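Coordinate analysis (summary)
Residue-level listing of the chains:
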Amino acid sequence: ETGVTQSPTHLIKTRGQQVTLRCSSQSGHNTVSWYQQALGQGPQFIFQYYREEENGRGNFPPRFSGLQFPNYSSELNVNALELDDSALYLCASSLVTTNTGELFFGEGSRLTVL
Amino acid sequence: AQSVTQLDSQVPVFEEAPVELRCNYSSSVSVYLFWYVQYPNQGLQLLLKYLSGSTLVKGINGFEAEFNKSQTSFHLRKPSVHISDTAEYFCAVKRGNQAGTALIFGKGTTLSVSS
């Protein structure tokens, strides 16, 4: 069974740039969620994708956008980067039909914005 | 709105001592409750979950938690900790059984186990 994998693991960007983070979900999982974890904080929900459509969103501006592909992998795109976007970005997959809320997390992509 | 409060930001303990990490939640509806652990430079791993049924839930690595509806608490316990339990622990809540809803996490508790 393949777990959740994310890439890249680390990256550095400057203010105003754009970034794309990638996630491959665990085998058999059809739902992907993205979370932002700032230093010293708990993860905060960005959005969730199911069947290639966004079906839930947290309190994040529109410059945070995403995609889900037919193979259930996903991308998180952030435009016009700000210093406060520096964080660990976590991808989590789940099986929506179980609907228990149990999530399987990747190891994250650590973004530093200078 | 739902929220999760982890009452202790840091808990230092000695090896083989018992530990309790406290979590309170606010919700007017039924909830699913979770504890996740995050080791340094890693993602989150599920320790245990409460969905329904018995209020005492057993998880991996010898951890257990008790759901107390009247006190809206879900405290995590372990009778004897090891050095390897040093990590960040997060309590989380999911609202009911609605699809597409997020997990709401607390700010985390750093458990530091020393010899």
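Scroll up for the structure.
This section reports on the structure supplied with the text. What you are looking at is a predicted structure, and each value in this text was computed from that prediction instead of being measured.

1. Some thoughts on the packing of aromatic side chains
The geometry of an aromatic ring pair is captured by two quantities: the separation of the ring centres and the angle between the planes. Counted under the stated rule, the structure contains 13 aromatic pairs over all chains. Taken together, a centroid distance of 6.3 Å and an interplanar angle of 70 degrees make the contact between Phe105(A) and Phe105(B) edge-to-face. Of this pair, Phe105(A) sits in strand β10 (residues 104–105) while Phe105(B) sits in strand β11 (residues 103–105), placing the two residues on different chains. Among the aromatic residues, ring-to-ring pairing joins Tyr35(A), Phe45(A), Phe105(A), Phe34(B), Tyr36(B), Phe90(B) and Phe105(B) into one connected group.

2. Re the environment of Glu66(B)
Mapping Glu66(B) onto the fold places it in strand β8 (residues 64–68). Residues Glu66(B) and Val11(B), 55 residues apart in the sequence, show an inter-C-alpha distance of 19 Å.

3. Brief notes about the side chain of Glu88(B)
Looking at the element boundaries, Glu88(B) is found in strand β10 (residues 87–95). Although Glu88(B) is buried, it forms no salt bridge, and the closest oppositely charged side chain is Arg110(A) at an N-O distance of 11 Å. One polar contact links Glu88(B) to Thr110(B), side chain to side chain, over a distance of 2.5 Å. Dropping the residues within four chain positions of it, Glu88(B) is found in contact with Tyr36(B), Val37(B), Gln38(B), Lys107(B), Gly108(B), Thr109(B) and Thr110(B).

4. Notes on the sheet that holds strand β3 (residues 19–24) of chain A
Residue and element names in this part refer to chain A. Ordered by their spatial adjacency, four strands build an open sheet running β1-β3-β8-β7, and the pairing between neighbours is antiparallel. Each end of this open sheet is capped by a strand with a single partner; those strands are β1 (5–7) and β7 (64–68). Averaged over all pairs of adjacent strands, the angle between strand axes in this sheet comes to 20 degrees, irrespective of strand direction.

What counts as what
Within each chain, residues carry numbers counting from 1 in the order of the written sequence. To label them, take the chains in the order written and letter them from A, then take the ligands in the order written and number them from 1. Side-chain atom pairs in this predicted model are given and counted only at pLDDT of 80 or more, local residue features only at pLDDT of at least 70, and totals for whole chains, interfaces and linings cover all residues. Neither water nor hydrogens contribute to the side-chain values; these are computed over all heavy atoms in the structure. Each Phe, Tyr or Trp ring (for Trp, its six-membered ring) is paired with any other whose centre lies within 6.5 Å, and the angle between the two planes then decides the class: stacked below 30 degrees, edge-to-face above 60, tilted in between. Every helix listed is a DSSP run of H or I at least four residues long, and every strand listed is a run of E at least two residues long, numbered separately from the N terminus. For each residue, the accessible area found with a 1.4 Å probe, counting protein chains only, is set against the maximum for its type, and the residue is called buried under 20%, exposed over 50%, and partly exposed in between. Charge assignment: positive for Lys and Arg, negative for Asp and Glu; neither His nor the chain ends contribute. Counted as salt bridges are all cases of a side-chain nitrogen of Lys or Arg within 4 Å of a carboxyl oxygen of Asp or Glu. Pairs of N or O atoms within 3.5 Å make up the polar contacts considered here, provided that, within protein, one atom can donate a hydrogen while the other can accept it, and that residues adjacent in sequence are counted only when both atoms are side-chain atoms. Residues are treated as being in contact if the distance between any of their heavy atoms lies within 4.5 Å. Any two strands with at least two DSSP bridges between them are considered paired. Axis definition: a line fit to C-alpha positions, over the contact stretch in the case of helices; interaxial angles, taken between N-to-C directions, run 0 to 180 degrees.

The quantities given are spatial measurements derived from coordinates; they are silent on function.
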